[in-house]
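Here is what each chain is made of, one letter per residue.
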Amino acid sequence: MSVPPTRTPTSVPPTRAPSPVRPPRTVALEALDRLPRLIHFVPPKYPEEAIRRRLRGLVVLRVLVSEAGVPLEVQRVQGAPLGLTEAAEEAVLQWRFEPAVAEREPVRTWTTVRIPFEAIPFATPSPPPAARQSPTPLPLRATLVASPTPRPSVLPAAAPPVPAGSRRFVPPPAPPEPPSGEAAPQAPIYRARRAVRLGLSPEQARVFLDGRYIGIVDDWDNHAGGLILPLTRGPHLVRLDLPGYRPFEAEIDVTSNAELDVVELGDDLVRTARIPFARLTPPIAATRGTLSFAIDPPDAVVSVNGGPGMPAASLSQADPLELPGPGVHEITLSAPGRVLRTIRVMSSKSAPTESAIVRLRLNPR
């Protein structure tokens, strides 16, 4: 008689529940080791009706930048009429960034961008990142004010790589519109021991020192808040440019053998056409290098020359921001529920004080 085989029950290992997927973490600016950096700029398409009406405006946006450097979300901080806001939003979503870094890992974070529209069509967009050998600084000013190269003053000034561990990289200032590129008459040569004073007209003419934008004539006329322009030993080229005017250039040879300590440039630019241009306000402060902030409300964000935003509270007198010079820097202050404010601050060895502090209250909307 056969005995049926005995079945031995086999235990089935318990099924493990899948690990919950952690939602991406958004890191606050103050916790970053490196801020997001614009590497591919797409200019906004200036609405035809706005161009026809010569409409100007400033659009300020908050942008959520992913771990891959892709804009995920755009929030309006300040808008402008006739489609300017929508044009800015559409363009920003096509920008690409070098992502922010925290604890050696790419992270997502919010940054602020300001895009001025000056009734001048924006320049041709830069090529996509893949077409470049390496990221190139944008002439910008669309601001990562978080600022354009519509007018190089519009952009997030895309700047050289942010030094490792630096949270306070200050991009160079950019002019409100691209330089004309027009050849100037032959440059006269001047000699001075240490500086130059710009006594030319118009006072809004943009000033370039050795190819670098540093402000307008009114900033360097040594009058009513303006300073003299200090120069290092050796030859320098000063160029003045303004829409509707023929550019002016002068060579300045700085040497201890010069007869004058400070030489004055007094020639006026020749007007060639009636072309509108942005009028810049006088600087509210001047410093030899450092700048701190006391802003109400305390959660205000500071952006310099369209660079990524920095908490104003972190830029105290005990730990101020260093501003390179000589130059006049455009600083944007913003906070939730408050009216955005843009100011200009000079940095120069000819400033009367070693440091300056900006005390402002942002008005409620």
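Everything here concerns the structure above.
Throughout this description, residue numbers start from 1 for each chain and increase along the sequence as written. For this predicted model, a pLDDT threshold of at least 70 governs which residues receive local features, and a threshold of 80 or more governs which side-chain atom pairs are given and counted, while totals over whole chains, interfaces and linings are taken from all residues. Excluding hydrogens and water, the side-chain values take into account all heavy atoms of the structure.

Visitor: I tried to follow the overall build of the protein on my own but got confused; where do I start?
Guide: Each helix is a run of H or I in the DSSP string that is no shorter than four residues. Each strand is a run of E no shorter than two, and both are numbered from the N terminus. Secondary structure summary: the protein contains two helices and 23 strands in total. Out of the 365 residues in the protein, the part that is buried amounts to 51%. Methods summary: accessible areas were calculated by the Shrake-Rupley approach with a probe of 1.4 Å, and residue burial reflects only the protein chains presented. Of the roughly 18200 Å² of accessible surface on the protein, 53% is carried by carbon and sulfur atoms. Only protein chains enter the accessibility calculation, which uses a 1.4 Å probe; a residue whose area is less than 20% of its type maximum is buried, one above 50% is exposed, and one in between is partly exposed.

Visitor: Could you clarify how one ought to interpret the pairing of strand 15 (residues 262–265) in this entry?
Guide: The side chains of a regular strand alternate, first on one face of the sheet and then on the other. Here strand 15 shows a buried face lined by V263 and L265 and an unburied face lined by V262 and E264. By the bridge criterion, four bridges tie strand 9 (residues 195–198) to strand 15 in an arrangement that is parallel. Bridging across to strand 15, V196 finds its partner in V263. A pair of strands is considered paired only if DSSP assigns at least 2 bridges between the two.

Visitor: In this structure, what is going on with the sheet that holds strand 18 (residues 301–304)? I would like to understand it.
Guide: In a beta sheet, neighbouring strands are held together by backbone hydrogen bonds and run either parallel or antiparallel to one another. Spatial strand order, 16-22-21-18-19: five strands in an open sheet with mixed pairing. Pairing within the sheet leaves two strands with one partner each, and these edge strands are strand 16 (285–287) and strand 19 (310–311). Pairing analysis gives seven bridges linking strand 21 (residues 327–334) to strand 22 (residues 341–347), with the strands arranged antiparallel. In the sheet register, V328 faces strand 22, and the bridge partner there is M346.

Visitor: What is the right way to read the nonpolar core from this model?
Guide: For soluble globular proteins, nonpolar side chains are generally found buried alongside one another. Membership of the largest hydrophobic core comes to 30 residues, with the highest contact counts inside it found for L198, W220, L240, I252 and L265. Broken down by element, this core gets its largest block of residues, four residues, from strand 14 (residues 248–254). Throughout, a residue-residue contact means that at least one pair of heavy atoms, one from each residue, lies within 4.5 Å. The contacts of I252, once residues within four sequence positions are left out, are Y190, V196, L231, G234, P235, H236, V238, V263 and L265. Buried Ala, Val, Leu, Ile, Met, Phe, Trp, Tyr and Cys residues form a nonpolar core when they are joined through side-chain atoms within 4.5 Å. One finds A285, I295, L321 and L360 within the second-largest nonpolar core, a separate group that totals 22 residues.

Visitor: Help me understand unusual backbone geometry in this model?
Guide: Excluding glycine, residues mostly carry a negative phi; peptide bonds, for their part, are mostly trans. Here D296 and P297 are connected by a cis peptide whose omega angle stands at 10°. Mapping P297 onto the fold places it in the loop between strand 17 (290–296) and strand 18. Looking along the chain, the bond that leaves G325 and enters P326 is cis, with omega of 0°. Turning to its location among the elements, P326 is positioned in the loop between strand 20 (321–322) and strand 21. Not every positive phi belongs to a glycine, and A224 is a case in point at roughly 50°. Mapped onto the fold, A224 is located in the loop between strand 11 (212–216) and strand 12 (229–230). On the basis of relative accessible area, A224 is assigned to the exposed category, the value being 74%.

Visitor: Would you explain the pattern of salt bridges in this entry?
Guide: Pairing between side chains of opposite charge can happen when the charged atoms of each approach one another. Between Lys or Arg on one side and Asp or Glu on the other, a salt bridge is scored when a side-chain nitrogen of the former is within 4 Å of a carboxyl oxygen of the latter. By the definition in use, this model includes 14 salt bridges. Across the pair R108 and E67 runs a salt bridge, and its minimum N-O distance is 3.5 Å. With R108 in the loop between strand 6 (105–107) and strand 7 (109–118) and E67 in the loop between strand 2 (56–65) and strand 3 (71–78), this residue pair connects regions lying 41 residues apart in the sequence. Classification of R108 by relative accessible area gives buried; the value is 16%.

Visitor: Got a minute to help me understand the packing of aromatic side chains in this structure?
Guide: The geometry of an aromatic ring pair comes down to the distance between the two centres and the angle between the two planes. When two rings of Phe, Tyr or Trp (its six-membered ring) have centres within 6.5 Å they constitute a pair, described as stacked for plane angles under 30 degrees, edge-to-face for angles over 60, and tilted for the intermediate range. Tallying each qualifying case throughout the model produces two aromatic pairs. Ring geometry for W95 against F97: centres 6.4 Å apart, planes inclined by 50°, an arrangement best described as tilted. For the pair W95 and F97, one class covers both residues: buried. Where F208 meets Y213, the ring centres are 5.7 Å apart and the plane angle is 55°; that geometry is what we call tilted. Judged by relative accessible area, which is 6%, Y213 ranks as buried.

Visitor: Explain the sheet that holds strand 11 here, please?
Guide: Strand order in the open sheet formed by five strands is 8-14-13-10-11, with mixed pairing between adjacent strands. Edge positions in the sheet fall to strand 8 (189–192) and strand 11, since each has one partner strand and no second. Going across the sheet, the axis of each strand differs from the next one's by a mean of 30°, ignoring polarity. Here, axes are lines fitted to C-alpha atoms. For helices the fit covers the stretch in contact, and angles between N-to-C directions go from 0 to 180 degrees.

Visitor: Could you clarify how one ought to interpret the environment of L61 in this entry?
Guide: Within the secondary structure layout, L61 lies in strand 2. Sequence-wise, L61 and E73 are twelve residues apart; in three dimensions their C-alpha atoms are separated by 9.9 Å.

Visitor: Looking at this structure, I do not really get the environment of H329. What am I missing?
Guide: Considering the arrangement of structural elements, one finds H329 in strand 21. Sequence-wise, H329 and P173 are 156 residues apart; in three dimensions their C-alpha atoms are separated by 5.7 Å. Residue contacts for H329: discarding those within four places in its chain leaves V170, P173, V304, N305, L323, P324, I343, R344, V345 and S347. Polar contact is the term for a pair of N or O atoms within 3.5 Å; when the atoms are in protein, one must be able to donate a hydrogen and the other to accept it, and sequence-neighboring residues count only if both atoms are side-chain atoms. Only 2.7 Å separates the side chain of H329 from the backbone oxygen of P324, close enough to count as a polar contact.

Visitor: Is there a simple way to think about the pairing of strand 13 (residues 234–241) in this case?
Guide: Most of strand 13 sits inside the fold, with six of its eight residues counted as buried. Across four bridges, the pairing between strand 10 (residues 206–209) and strand 13 is antiparallel. Within the sheet, the bridge partner assigned to V207 lies in strand 13 and is L240. As paired elements, strand 13 and strand 14 share seven bridges and run antiparallel to each other. Following the sheet pairing, P235 is matched in strand 14 by D253. Linkage of strand 13 to strand 14, two consecutive antiparallel strands, is achieved through a turn of six residues, within which G244 is found at a positive phi near 90°.

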